[in-house]
Amino acid sequence: MERRAFLNASAGLGLAVAGSGLLLGACTTTRDSASSPAEKTTRRREIDSGVQNTLDRLYSSVNGSRDLASRARGILVFPRTLSAGFFVGGEYGDGALRVGNTTRGYYRTISGSLGWQIGAQSKALIFMFMNQQALDKFLASDGWTAGVDATVAVAKVGANGALDTNTVQQPVVGFALTNAGLMAGLSLEGTKITKLDL
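1. Considerations on the overall build of the chain
A count of helices and strands for the chain gives five helices and seven strands. Each helix and strand of the chain, ordered N terminal to C terminal, gives the series α-α-α-α-β-β-α-β-β-β-β-β. Sorting the 198 residues of the chain into buried and exposed places 44% on the buried side. Put simply, of all contacts in the chain between residues at least 6 apart along the chain, 70% involve residues at least 24 apart.

This is the structure:
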């Protein structure tokens, strides 16, 4: 239901540049629709299942990603972020942070953009916190923004099909996956992440 409202808001506000602030403001105050303990349990299971499927897909499609993940202090996964808009765009999705093999919390990502765009698309976002300091800063934040609270190096694949070595040495490494594989030329700056009450 919230996703439908999000899409309608994106389309409706897309004609006015000023609408981007309203869109993001409305989305950042949205609470998760799961309110009863049973609904929250169901929602957590859905997210956890999506997280595992997304990681499996990453490991099978990007050489070196499993090894990188084994060295990460924490991995934040948004299995399905939906982007929509007409000139003014927005992106929305729920995910989970894993430390080791344990889920440490559930999160929502929201971002907006200006520029020529029409329609909707879905992608998975993965953030790997490669050192303890980067993970601790994320955990201590009351709302974390890529490019403000930390620089996120978007993963690149070299000519040999393996992850670029310069990218993987950064404190936070980001991946964006579509059904076709790893997205290139994407910026994750401005992506806002807040904790969900799940």
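After that view of the structure, there is still more to cover.
2. What to know about the packing of aromatic side chains
Counting across every chain of the model gives six aromatic pairs. Here the aromatic rings of Phe127 and Trp144 are separated by 6.1 Å at their centres, their planes lie at 80°, and the arrangement is edge-to-face. Of this pair, Phe127 sits in strand 2 (residues 102-129) while Trp144 is found in strand 3 (residues 144-145), placing the two residues 17 residues apart along the sequence. Residue classification places Phe127 among the buried residues on the basis of a relative accessible area of 0%. For Trp144, a relative accessible area of 1% translates into the label buried. Counting every residue linked through ring pairs, the aromatic cluster contains Phe78, Tyr107, Phe127, Phe129, Phe138 and Trp144.

3. A word on the side chain of Glu91
Mapped onto the fold, Glu91 is located in strand 1 (residues 74-99). For Glu91, the side chain forms a polar contact with the side chain of Lys123, separated by 2.4 Å.

4. Structural notes on the pattern of salt bridges
If you walk through the whole model with that rule in mind, you get six salt bridges. Among the ionic pairs, Asp197 bridges to Lys40, the shortest N-O distance being 3.5 Å. One end of the pair, Asp197, is in the segment after strand 7 (192-195); the other, Lys40, is in helix 3 (residues 37-61), with 157 residues separating them in the sequence. Given a relative accessible area of 54%, Asp197 falls into the exposed group. Given the relative accessible area of 18%, Lys40 is considered buried. A salt bridge links Arg108 to Asp94; the shortest N-O distance between them is 2.7 Å. Taken together, the positions of Arg108 in strand 2 and Asp94 in strand 1 put the pair 14 residues apart, joining distant regions of the chain. With a relative accessible area of 2%, Arg108 lands in the buried category.

What counts and what doesn't
- Residues numbered from 1 in each chain as written.
- Predicted model: local features only at pLDDT ≥ 70, side-chain atom pairs only at ≥ 80, totals over all residues.
- Heavy atoms only, no water.
- Helix = DSSP H or I, 4+ residues; strand = E, 2+ residues; numbered from the N terminus.
- Buried < 20%, exposed > 50% of the residue type's maximum accessible area, 1.4 Å probe, protein only.
- Contact = heavy atoms within 4.5 Å.
- Phe/Tyr/Trp six-rings, centres within 6.5 Å; stacked < 30°, edge-to-face > 60°.
- Polar contact = N/O pair within 3.5 Å; in protein donor to acceptor, adjacent residues only side chain to side chain.
- Salt bridge = Lys/Arg side-chain N within 4 Å of Asp/Glu carboxyl O.

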